[in-house]
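# Chains, contacts and geometry: an overview
Letter by letter, the chains look like this.
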Amino acid sequence: MLQNIWKWLIIPLIMIGIGTAIVIYAVNNPTDSIVARMLTYERIFRVIREHMALLLISMLAATFVGVAAGIMLSRPRLYYAGRVVENIVNVGQTIPSLAILALFFTILGLGFRTAVFALFLYSILPILRNTFAGIDGVDYSIIEAARGMGMNSFRILTKIELPIAFPIIVAGIRTAVVINVGAATLATFIAGGGLGDLIVTGLSVHRDMIIVTGATIAALTAILLDYLIGRVEEKIVRWS
Amino acid sequence: MIKLEGISKIFPGQKHHAVKNLNLEINKGDVCVLVGPSGCGKTTTMKMINRLYEPTEGKIFIGGEDALNKDLIKLRLDIGYVIQEIGLFPHMTIEQNIATVPNEKHWPKEKTKEKVEEVMNLVGLDPKIFKDRYPAALSGGQRQRVGVARAMVADPPIMLMDEPFGAVDPITRARLQNEFLRIQEGMEKTIVFVTHDIDEAIKMSETIVVMREGEIVQHATPSDLLSAPADEFVSNLVGRNRSIKRLHLIRIHEILEELGRVKPIPEDTKTDEIKKRLDESATRTVMVVDSDNKLKGVIGVNDLKQKTGEVAADYYQDVMETITNDATLNDALSVMLECGEGYVAVVNENNQYEGTITLGDLLNVVKEDS
Ligand SMILES: Nc1ncnc2c1ncn2[C@@H]1O[C@H](COP(=O)(O)OP(=O)(O)OP(=O)(O)O)[C@@H](O)[C@H]1O
Ligand SMILES: [Mg+2]
């Protein structure tokens with residue numbers, strides 16, 4: 001048991017260790033006074049906090065809406081609507097995240113909320129698509145067996161379809177998280193805060209150290225979250 | 001128990017009938033087997049009984065009630081269903097799979113658990129080994145048995161079984177068939193059974209429905225089907241060796257009494273006595289039993305010549321295969337052919353000797369009937 005927990009924690013701990021080491025090193029060994037002013041513990045924690053807030057709020061909303069919409073579109077009555085939405089979603093996914101941010105900035109103005117909303121929309125897509133595909137992909141004979149044994153559509157959805165689609169839905173959430181962590185660095189352009197602040201500041205004052213610190217933390221966050229969600233899924237799904 | 005009146009089904013967007021003006025009545029406690037070529041509408045007929053498909057026309061009565069106006073869920077909870085594609089739930093353990101209907105019926109946990117183990121044993125899956133496995137970790141035949149267990153766990157008065165033994169090997173299949181018939185004797189369920197195997201149909205059923213292109217060609221008892229096939233199509237389906245197929249219809253206990261075989265001998269029988277018995281025996285063999293009438297072995301003429309000794313215990317050799325008296329004559333024939341002997345010993349569950357069936361007996365049966 002103890003060994004198991006250890007196995008679970010070792011990779012996250014390494015990630016966090018690397019991140020912390022980089023932050024401590026950067027703060028304590030600034031290359032010049034500009035870097036020293038920009039890279040303080042206070043500032044780094046603030047942008048991490050902002051980044052996490054962007055990520056968490058937009059992801060929670062996107063998961064909720066994406067799964068719900070995916071379920072609705074998979075109902076037989078909405079089957080054709082589902083196909084249409086699936087195509088729109090696939091096209092939507094090809095729009096660059098910066099373009100989406102720009103688009104919403106013109107409509108909703110600057111700020112944290114606009115950034116959350118844009119990230120939310122961008123993250124719905126993979127979740128919705130995977131929920132729909134996961135439910136749609138459940139073998140029809142399984143559904144028929146369930147119906148033949150007297151389960152109603154709601155029971156079939158909750159007991160059969162969603163559990164079988166679960167791994168695919170989670171895969172969609174993982175994709176969304178990774179995209180989201182990256183896209184959230186762009187929030188700084190519309191004054192949304194986050195790790196993008198560091199990167200953009202670093203770019204404008206030509207200090208690589210600031211850029212690298214911001215980018216590494218973002219990358220480590222993406223890897224870490226992806227890993228953790230994967231591990232949780234593994235724990236829940238034992239049948240495949 | 002089940003009555004179909006003028007049932008037709010045309011699938012949306014199709015011109016042809018999948019099932020056309022079908023009239024069928026199945027009595028309570030009967031096994032009715034549907035046979036016919038692929039695509040003739042067997043599955044469609046079956047799915048209309050539990051209303052997975054709604055008939056385009058016609059009426060269905062189950063136990064006198066109009067099934068088409070009954071609450072769907074209630075109707076289905078009381079009809080055990082084995083789907084052709086097996087349809088196990090991949091994310092549930094075997095135990096959870098089998099417990100589906102009890103859970104839908106909100107049985108108490110203890111009762112469900114007991115009943116699940118009971119049916120697992122019935123279909124020959126050891127609960128200790130298989131209960132917690134997932135369907136992915138089972139062979140095709142094992143999955144099929146889980147499908148059957150899942151359909152019968154809640155004791156439904158009606159069962160619909162779409163090729164339930166399609167994926168099991170002939171030996172296990174024969175065992176499952178016998179087991180099935182034994183269970184059926186005690187439970188008197190009304191069963192609709194689909195198969196491609198005419199031998200299986202003959203063996204399992206009270207009545208056989210032969211279908212072609214959505215219509216019934218003949219509905220008859222197995223015996224009538226064999227002796228009076230309605231047309232060329234049916235006789236082709238039944239096949240050439242119809243008299244041999246009759247062997248499926250007769251169980252060993254039905255003829256064993258009348259045979260009056262040479263009595264078995266105890267282990268301490270003297271050599272002279274054994275010789276006398278061997279001369280009387282039509283098969284030139286005699287069975288040896290212990291004081292409890294348990295079968296110990298068999299002595300043939302050659303055993304007496306080749307071995308020396310004084311009593312039966314010195315001569316007998318082991319019996320290769322035995323058979324129980326609820327097996328069919330066809331099973332007996334297979335055992336004889338497998339062992340290359342002209343006879344097979346019949347024993348009960350405790351290995352107590354009950355009699356011997358010979359090739360000659362089988363020939364007599366076939367002759368008498370035709
Ligand atoms: N869901 C469906 N939609 C449209 N057509 C169907 C559907 N199910 C069956 N059919 C058609 O109805 C006819 C009868 O099919 P059915 O499945 O009843 O055959 P079957 O006798 O069970 O065959 P098999 O022995 O191969 O299982 C076939 O022509 C088939 O193509
Ligand atoms: Mg079929």
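This text follows the structure it describes.
Before going into details, it helps to say that this report is about the structure given with it. (Residues numbered from 1 in each chain as written. Chains lettered and ligands numbered in written order. Predicted model: local features only at pLDDT ≥ 70, side-chain atom pairs only at ≥ 80, totals over all residues. Heavy atoms only, no water.)

## Quick notes on the overall build of chain A
Using the following cut-off: Runs of H or I in DSSP of at least four residues are treated as helices and runs of E of at least two as strands, each being numbered from the N terminus. Categorising residues by exposure relies on relative accessible area from a 1.4 Å probe, with only protein chains included: less than 20% of the type maximum marks a residue as buried, more than 50% marks it as exposed, and the intermediate range marks it as partly exposed. Contact between two residues is taken to exist if any of their heavy atoms lie within 4.5 Å; hydrogens are not considered. Residue exposure ignores everything except the shown protein chains as possible cover, and the areas themselves are Shrake-Rupley values with a 1.4 Å probe. We treat Lys and Arg as the positive residues and Asp and Glu as the negative residues; His and chain ends play no part in the count. By convention, charge coordinates are those of NZ in Lys, CZ in Arg, CG in Asp, or CD in Glu.
The helix and strand inventory of chain A stands at ten helices and zero strands. Mapped from its N terminus to its C terminus, chain A presents α and β elements in the order α-α-α-α-α-α-α-α-α-α. If you line up chain A on its principal axes, its C-alpha atoms span 75 × 55 × 20 Å. Classification of the 240 residues of chain A by burial places 45% in the buried group. Of all intrachain contacts in chain A linking residues separated by at least 6 positions in sequence, the fraction that spans at least 24 positions is 77%. Summing over all exposed atoms, chain A offers an accessible surface of approximately 12,400 Å²; the carbon and sulfur share of this is 71%. Side-chain charges of chain A comprise 18 positive and 13 negative groups, with the mean position of each set lying 6 Å from the other.

## Observations concerning the coordination of the magnesium ion (ligand 2)
Rules: Each metal's donors are the N, O and S atoms within 2.8 Å of it, or within 3.2 Å when it is Na, K or Ca, and because water is not part of the set, sites may look incomplete.
Protein coordination of the magnesium ion (ligand 2) is provided by Thr43(B) (OG1) and Gln84(B) (OE1), with donor distances spanning 1.8 to 2.3 Å. Remark: Gln84(B) occurs in the loop between β6 (79-82) and α3 (94-98) and Thr43(B) occurs in helix α1 (residues 42-49); sequence separation between them is 41 residues.

## Description of the packing of helix α5 (residues 97-108) of chain A against helix α6 (residues 112-136) of chain A
For any two helices packed against each other, one specifies the crossing angle of their axes together with the interaxial distance. Residue and element names in this part refer to chain A. As a reminder, the rule being used: Axes here mean lines fitted to C-alpha atoms, for a helix over just the part in contact, with angles spanning 0 to 180 degrees between N-to-C directions. For classification, angles of less than 35 degrees are called roughly parallel, those exceeding 145 degrees roughly antiparallel, those between 65 and 115 degrees roughly perpendicular, and all remaining angles oblique. For any helix crossing, the convention is left-handed if the near helix is rotated counterclockwise from the far helix by under a right angle, and right-handed if that rotation is clockwise. As a working rule, the residues Ala, Val, Leu, Ile, Met, Phe, Trp, Tyr, Cys and Pro are called nonpolar, Asp, Glu, Lys and Arg charged, and the rest polar, with Gly in that last group.
Running from N to C, α5 and α6 point in directions that differ by 135 degrees, and their axes come no closer than 9 Å. One way to sum up the angle between α5 and α6 is to call them oblique. Handedness of the crossing formed by α5 with α6: right-handed. Listed contacts from α6 to Ser-97, Ile-100, Leu-101, Phe-104, Phe-105 and Leu-108 of α5 are Thr-114, Ala-115, Phe-117, Ala-118, Leu-121 and Tyr-122. Looking at the contact of α5 with α6 residue by residue, the classes come out as ten nonpolar, two polar and no charged.

## Concerning the interface of chain A and chain B
Under the convention used in this document: Here's the idea: put two parts together, see how much 1.4 Å probe accessible area each one loses, and the total over both is what we call buried area. For this document, the term salt bridge refers to a Lys or Arg side-chain nitrogen within 4 Å of an Asp or Glu carboxyl oxygen.
Of the residues lining the interface, 18 residues belong to chain A; the matching set on chain B comes to 23 residues. Across the chain A/chain B interface, buried area totals approximately 1,900 Å², and carbon plus sulfur atoms make up 66% of it. Area buried by chain A at its contact with chain B is led by Glu144(A), Met149(A) and Trp239(A), which between them contribute 36% of it. Where chain A meets chain B, there are two salt bridges. Between Lys47(B) and Glu144(A) there is a salt bridge whose closest N-O contact spans 2.6 Å. Of all the secondary structure elements, the ones that give two or more residues to the side of chain A that touches chain B are α7 (140-148) and α8 (153-183) of chain A. If you tally residues by element for the side of chain A that touches chain B, the top one is α7(A), at seven residues. Along the lines of polarity and charge, the residues of the side of chain A that touches chain B split into nine nonpolar, four polar and five charged.

## Here we look at the pairing of strand β12 (residues 285-289) of chain B
For a regular strand, side-chain orientation follows a simple rule: the groups alternate between the two sheet faces. Residue and element names in this part refer to chain B. This is how it is decided: A pair of strands is labelled paired if DSSP reports no fewer than 2 bridges between them.
With five of five residues buried, β12 is to be regarded as a mostly interior element. Of the two faces of β12, the one carrying Thr-285, Met-287 and Val-289 and the one carrying Val-286 and Val-288 are both buried. Sheet analysis places β12 next to strand β13 (residues 295-300), joined by five bridges and oriented antiparallel. Bridge pairing in β13 places Val-289 opposite Leu-295.

## Details of unusual backbone geometry
Residue and element names in this part refer to chain B. Non-glycine residue Glu-213 carries a positive phi angle of around 45 degrees. When you line up the elements, Glu-213 lands in the loop between β9 (207-212) and β10 (215-220). For Glu-213, a relative accessible area of 63% puts it in the exposed group. A positive phi angle, near 65 degrees, is found at Asn-293, a position not held by glycine. Mapped onto the secondary structure, Asn-293 falls in the loop between β12 and β13. For Asn-293, a relative accessible area of 31% translates into the label partly exposed.

## Some words on the side chain of Asp30(B)
Residue and element names in this part refer to chain B. Topologically, Asp-30 is positioned in the loop between β2 (19-26) and β3 (31-35). For the buried residue Asp-30, which engages in no salt bridge, the nearest side chain bearing the opposite charge is Lys-28, 10 Å off. Leave out the neighbours within four places in its chain, and Asp-30 touches Lys-189, Thr-190, Ile-191 and Glu-206.

## Re helix α17 (residues 329-339) of chain B
Buried within α17(B) we find Leu329(B), Asn330(B), Asp331(B), Ala332(B), Leu333(B), Val335(B) and Met336(B). Two residues or fewer past α17(B), Gly340(B) is found with a positive phi of approximately 70 degrees.

## What about the environment of Pro135(B)?
Residues and elements named next belong to chain B. Of note, Pro-135 is situated in the loop between α6 (127-130) and α7 (140-152). Taking the C-alpha atoms as reference, Pro-135 lies 5.7 Å from Pro-90; in sequence the two are 45 residues apart. Ignoring any residue separated from it by four or fewer positions in sequence, one finds Pro-135 in contact with Leu-88, Phe-89, Pro-90, Met-92, Ile-94, Asn-97 and Arg-143.

## Observations regarding the site of ligand 1
Residue and element names in this part refer to chain B. Just so we agree on the cut-off: Proximity is defined per residue: any heavy atom of the residue falling within 4 Å of a molecule or strand makes that residue near it. By the criterion applied in these results, polar contacts are pairs of N or O atoms within 3.5 Å in which, for protein atoms, one can donate a hydrogen and the other can accept it, and in which residues neighboring in sequence qualify only through two side-chain atoms.
Around ligand 1, a shell composed of 14 residues is seen, among which Ser-38, Gly-39, Lys-42, Thr-43 and Thr-44 lie nearest. In this structure, an oxygen atom belonging to ligand 1 sits 3.0 Å away from a main-chain N or O atom of Gly-41. A distance of 2.7 Å separates an oxygen atom of ligand 1 from a polar side-chain atom of Lys-42. Of the residues that constitute the shell around ligand 1, the class distribution is four nonpolar, eight polar and two charged.

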